[in-house]
Amino acid sequence: MPVRSASVGRMSAHVTGVRLSLWRAATVFRCASLIVCLYLIVQWHRLYQHPSAAYAAGIGMIAVTALVGVLGWSGRANRWPVVGVDVVATGGLTLLTIVAQTTDQRYGSQLMPTLTTIWAAGPCLEAAIVGGWLAGLVAALVQIGSAMIVRTGIDGQLWSSSFILLAAGTVTGYVSTLAVRAEADVAAAAAERAALAEREWLARSIHDGVLQVLGLTHRLGRDDDGELGRIAALAADQEAAVRALISSRPMAQTAVGGELGAALRALRAERVSVATPAEPVHVPPDVCRELTAAVGAALANVDRHAGPGACAWVLLEDHGDAVTVTVRDDGVGFDGDRLTTAAADGRLGVTSSIKGRARDLGGTATVLSSPGSGTVVTIEVPTPGREVP
Amino acid sequence: MTRVVIVDDHPIWREAVERDLSAAGLHVVATFGEAEQAVRTAAALQPDVVLMDLQLPGMSGVEAAGALVSADPSIRILMFSASGEDADVLAAVKAGARGYLVKSAAREELVDAVTRTADGQAIYSPGLAAMVLGEYRRISRAEPDPAAVLTDRETEILKLVATGLTARQIADQLVVSVRTVQNHVQNTLRKLQLHNRVELTRWALERGILDDA
């Protein structure tokens, strides 16, 4: 379906969206800081011992800002090589201060800022956006190292600007990682919704076409003893299989709990009818899991012991503060008093496992049976403090 | 002779069902591929039973059932669908349909269900019984209505229906007649439909759609 895949495609391009937006914001900061630096160079060029070195640094900053800005704006610069080159180039341009300024200006009585000053914060932000807090930290340390070479050590002013660089690098990195993760979650949820919608669409079309034809084939051929009868039986099997496939919902387990109705309906089969309320029955995840497992065990028991051709019916009732699940079969049944026989053929094991699961959930399970009249398993589990629609 | 109208958008299904019902001696007076036309002509055809597919193009089976019942509250509609039970079945029954049958039902089951619908009985599948039970519990929690409460007997019988027992088996188990079981089952449907009608009227009054007078 072209329409759906297009929307999924847009979503995957969107994953880099937050990063790209942050990068563009960093580019704006970079341009603004470049203007400040250029203004200072022009303002103070007479004071420098080698103004040409300061001009060279200014031209270098313009070049780096333009290159990284152009690449970054289109989204192509969100890569390690570009960030790496930027970090090193910025550090290098800072070192030009050694040529441009006198020793007095660098660390003496006429102390001046380095040529790159706040512009040097740019690569820290970019590294942080691309690689997270650690990359931001490393980039900040490189710029601080470069400034320390210019100053031949660390003084009070450098301490405070170092602190700002480190904070900018790590905090931006952390926020960037969080934002990217949140964005991925949103995209995953949207993809899941799209998949679900697609599944429903598919279920509807299968329902209207395939199921109707299979059902009709079964209906027309079921009384035939020959080839047609066998085809009808195959059609009935496929009908049940397809129906089970389209009715099994991946959303049965949610973060807040389980939808017991959907979980039990997934157990439907040709000889298994599952009846649930129309409203969803939300229960804690462990209740959903254990009850579904208990019903599965009861149905497996029907398969093994109730005899050939036995059918089973599952009923889910929602009492608000409790849920009841009944599993009935029309099989051969057994004598409830003859526990030794039951234990011998394995029924007792399953029965006690169902009772055990019910007990673990604070509920009860009863098994009623007599020879010739099938078996009824009733499981009741309390679900206090539940919000019922 | 029982007069039946069939509404189903699949021609092959329509023909197969018509053949089966005619072979069993029922009189299929008309078949329709969509609901609008069926709703328009139903009154003139005077059917004993309308056999209505749940999934129809255009007007849905649920809407059609509602329209037919509001035009003639005594009309007997049996819903029919290829899928398992879903919320639409409950909606159709609340709107006034007298029962529900899955399309995979055997020929004899179909004939039996149509005949019993004509006789005024309610046709339940286990899934529908569970949804009706759930609906009564929902009503009692949301806005208790003394007219929409099941007796213990009715609840008991509905639960047995929901676990696949036939009216015969339930009658044997409870030591009552089949007719008594059928009456109880019918009551569960009647009370729910009555509640639904009162509900709809109140809803309409509150929003000024109907005049109080």
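Rules behind the numbers
Residues numbered from 1 in each chain as written. Chains lettered and ligands numbered in written order. Predicted model: local features only at pLDDT ≥ 70, side-chain atom pairs only at ≥ 80, totals over all residues. Heavy atoms only, no water. Helix = DSSP H or I, 4+ residues; strand = E, 2+ residues; numbered from the N terminus. Buried < 20%, exposed > 50% of the residue type's maximum accessible area, 1.4 Å probe, protein only. Pairing = 2+ DSSP bridges. Axes fitted to C-alpha atoms, helices over the stretch in contact; angles between N-to-C directions. Contact = heavy atoms within 4.5 Å. Salt bridge = Lys/Arg side-chain N within 4 Å of Asp/Glu carboxyl O. Parallel < 35°, antiparallel > 145°, perpendicular 65-115°, else oblique. Nonpolar A, V, L, I, M, F, W, Y, C, P; charged D, E, K, R; others polar. Buried area = accessible area lost by both parts, 1.4 Å probe. Phe/Tyr/Trp six-rings, centres within 6.5 Å; stacked < 30°, edge-to-face > 60°. Polar contact = N/O pair within 3.5 Å; in protein donor to acceptor, adjacent residues only side chain to side chain. pLDDT = per-residue confidence, 0-100. Core = buried A, V, L, I, M, F, W, Y, C linked by side-chain atoms within 4.5 Å. Left-handed = near helix turned anticlockwise from the far one by under 90°.

Draft legend 1. Representation of the overall build of chain B. Helix and strand content of chain B: nine helices and five strands. Listing the helices and strands of chain B from first to last along the sequence gives β-α-β-α-β-α-β-α-β-α-α-α-α-α. Within chain B, the proportion of its 213 residues that are buried is 53%.

Draft legend 2. Geometry of the sheet that holds strand 4 (residues 77-81) of chain B. All names here are of chain B. The sheet built from five strands is open, its strands ordered 2-1-3-4-5 with parallel pairing. If you trace the sheet from one side to the other, it starts and ends with strand 2 (27-32) and strand 5 (99-102), each paired once. Strand-to-strand, the axes of this sheet are offset by a mean angle of 20 degrees, without reference to chain direction. Of the strands in this sheet, strand 1 (3-7), strand 2, strand 3 (49-53) and strand 4 touch helix 1 (residues 11-23), which is tilted by about 170 degrees from strand 2. Packing against the sheet, helix 5 (residues 107-118) makes contact with strand 1, strand 3, strand 4 and strand 5, and its axis sits at approximately 130 degrees to strand 3.

Draft legend 3. Just the pattern of salt bridges, in detail. For the coordinates displayed, the defined rule picks out 22 salt bridges over all chains. The closest approach of N and O atoms between E317 of chain A and R137 of chain B, which form a salt bridge, is 3.1 Å. Note that E317 of chain A is positioned in strand 4 (residues 312-318) and R137 of chain B in helix 6 (residues 126-142), a pairing that runs across two chains. There is no split in this pair, since E317 of chain A and R137 of chain B are both buried.

Draft legend 4. Region of interest: the packing of helix 1 of chain B against helix 5 of chain B. Residue and element names in this part refer to chain B. Contact geometry of helix 1 with helix 5 gives a least axis separation of 10 Å together with a crossing angle of 70 degrees. Classified by the angle their axes make, helix 1 and helix 5 are roughly perpendicular. Counting all contacts with helix 1, which are made through V17, D20 and L21, the residues of helix 5 involved are R107, L110, V111 and V114. For the contact of helix 1 with helix 5, the residue count by class is five nonpolar, no polar and two charged.

Draft legend 5. Examining helix 7 (residues 121-131) of chain A more closely. All names here are of chain A. For helix 7, the tally of buried residues reaches ten of eleven residues, placing the bulk of the element in the interior. Along helix 7, the residues classified as buried are A121, G122, P123, C124, L125, E126, A127, A128, I129 and V130. G132 lies just past helix 7 and shows a positive phi near 90 degrees.

Draft legend 6. The interface of chain B and chain A, seen in detail. Contact with chain B, which involves 33 residues of that partner, is made by 28 residues of chain A. Together chain B and chain A conceal approximately 2700 Å² of surface at their shared face, both sides included; 53% is due to carbon and sulfur atoms. Looking only at chain B, the three residues that lose the most surface to chain A are W13, R141 and T163 of chain B, adding up to 21% of its buried area. At the surface where chain B touches chain A, the tally comes to four salt bridges. With a closest N to O distance of 4.0 Å, R138 of chain B and E279 of chain A form a salt bridge. Looking at the side of chain B that touches chain A, the elements with two or more residues in it are helix 1, helix 4 (87-94), helix 5, helix 6 and helix 7 (152-162) of chain B. Here the side of chain B that touches chain A takes nine residues from helix 6 of chain B, the largest share from any one element. Class assignment of the residues belonging to the side of chain B that touches chain A gives a composition of 15 nonpolar, nine polar and nine charged.

Draft legend 7. How the structure looks around the sheet that holds strand 4 of chain A. Read from one edge of the open sheet, five strands run 2-4-5-7-6 (chain A), paired in mixed fashion. Only two strands of the sheet have a single partner each, and these edge strands are strand 2 (272-275) and strand 6 (364-369) of chain A. Across this sheet, the average inter-strand angle for adjacent strands is 10 degrees, counted without regard to direction. Against the sheet, helix 6 of chain B touches strand 2 and strand 4 of chain A, its axis set at about 10 degrees to strand 4 of chain A.

Draft legend 8. Here's a closer look at the packing of aromatic side chains. Residue and element names in this part refer to chain B. In this structure the tally under the stated criterion is one aromatic pair over all chains. Their ring planes at 85 degrees and their centres at 6.3 Å tell us that W13 and F80 sit as a pair that is edge-to-face. With W13 in helix 1 and F80 in strand 4, this residue pair connects regions lying 67 residues apart in the sequence. Judged on exposure class, the residue W13 and its partner F80 are both buried.

Draft legend 9. Main features of the environment of I129 of chain A. Residue and element names in this part refer to chain A. Relative to the assigned elements, I129 resides in helix 7. Separated by 110 residues in the primary sequence, I129 and R19 have C-alpha atoms spaced 6.4 Å apart. When residues no more than four places from it in sequence are discounted, the contact partners of I129 are R19, L22, W23, A26, T172 and S176.

Draft legend 10. Region of interest: the side chain of S81 of chain B. Residue and element names in this part refer to chain B. With respect to the helices, strands and loops of the structure, S81 is situated in strand 4. Judged by its relative accessible area of 0%, S81 is buried. Of the polar contacts made by the side chain of S81, one reaches the side chain of Y100; its length is 3.1 Å. With near-sequence residues (within four places) excluded, S81 lies in contact with D53, L54, Q55, Y100, L101, V102 and K103.

Draft legend 11. Representation of unusual backbone geometry in the model. Residue T117 of chain A is not a glycine yet carries a positive backbone phi of 25 degrees. Positionally, T117 of chain A belongs in the loop between helix 6 (103-107) and helix 7. For Q46 of chain B, which is not glycine, the phi torsion reads 45 degrees and is therefore positive. Within the secondary structure, Q46 of chain B sits in the loop between helix 2 (35-45) and strand 3. You can call Q46 of chain B exposed: its relative accessible area is 59%.

Draft legend 12. Up close: the confidence of the model for chain B. Overall, the prediction assigns chain B a mean pLDDT of 89, with 96% of residues at 70 or greater. Interface confidence for the predicted complex, given as ipTM, is 0.87, next to a pTM of 0.62.

Draft legend 13. Focus on the nonpolar core. Within the largest apolar cluster, 54 residues are counted, with the highest numbers of intra-cluster contacts made by M52, I77, M79 and Y124 of chain B. Looking at this core element by element, the count peaks at eight residues for helix 6 of chain B. If we ignore the near neighbours within four places in the chain, the residues touching M79 of chain B are M52, D53, L54, G61, V62, A65, A92, A97, G99, Y100 and L101 of chain B. Residues V274, V283, I354 and L361 of chain A belong to the second largest nonpolar core, which totals 31 residues.

Draft legend 14. Representation of the packing of helix 6 of chain B against helix 9 (residues 178-206) of chain B within the structure. Residue and element names in this part refer to chain B. Where helix 6 contacts helix 9, the axes come no closer than 11 Å and their chain directions differ by 45 degrees. Regarding the angle of helix 6 to helix 9, the classification is oblique. The handedness of the crossing between helix 6 and helix 9 comes out as left-handed. Contacts from V132, E135, Y136 and I139 in helix 6 reach N187, T188, K191, L192 and H195 in helix 9. Each residue belonging to the contact of helix 6 with helix 9 can be placed in one class, and the counts come to four nonpolar, three polar and two charged.

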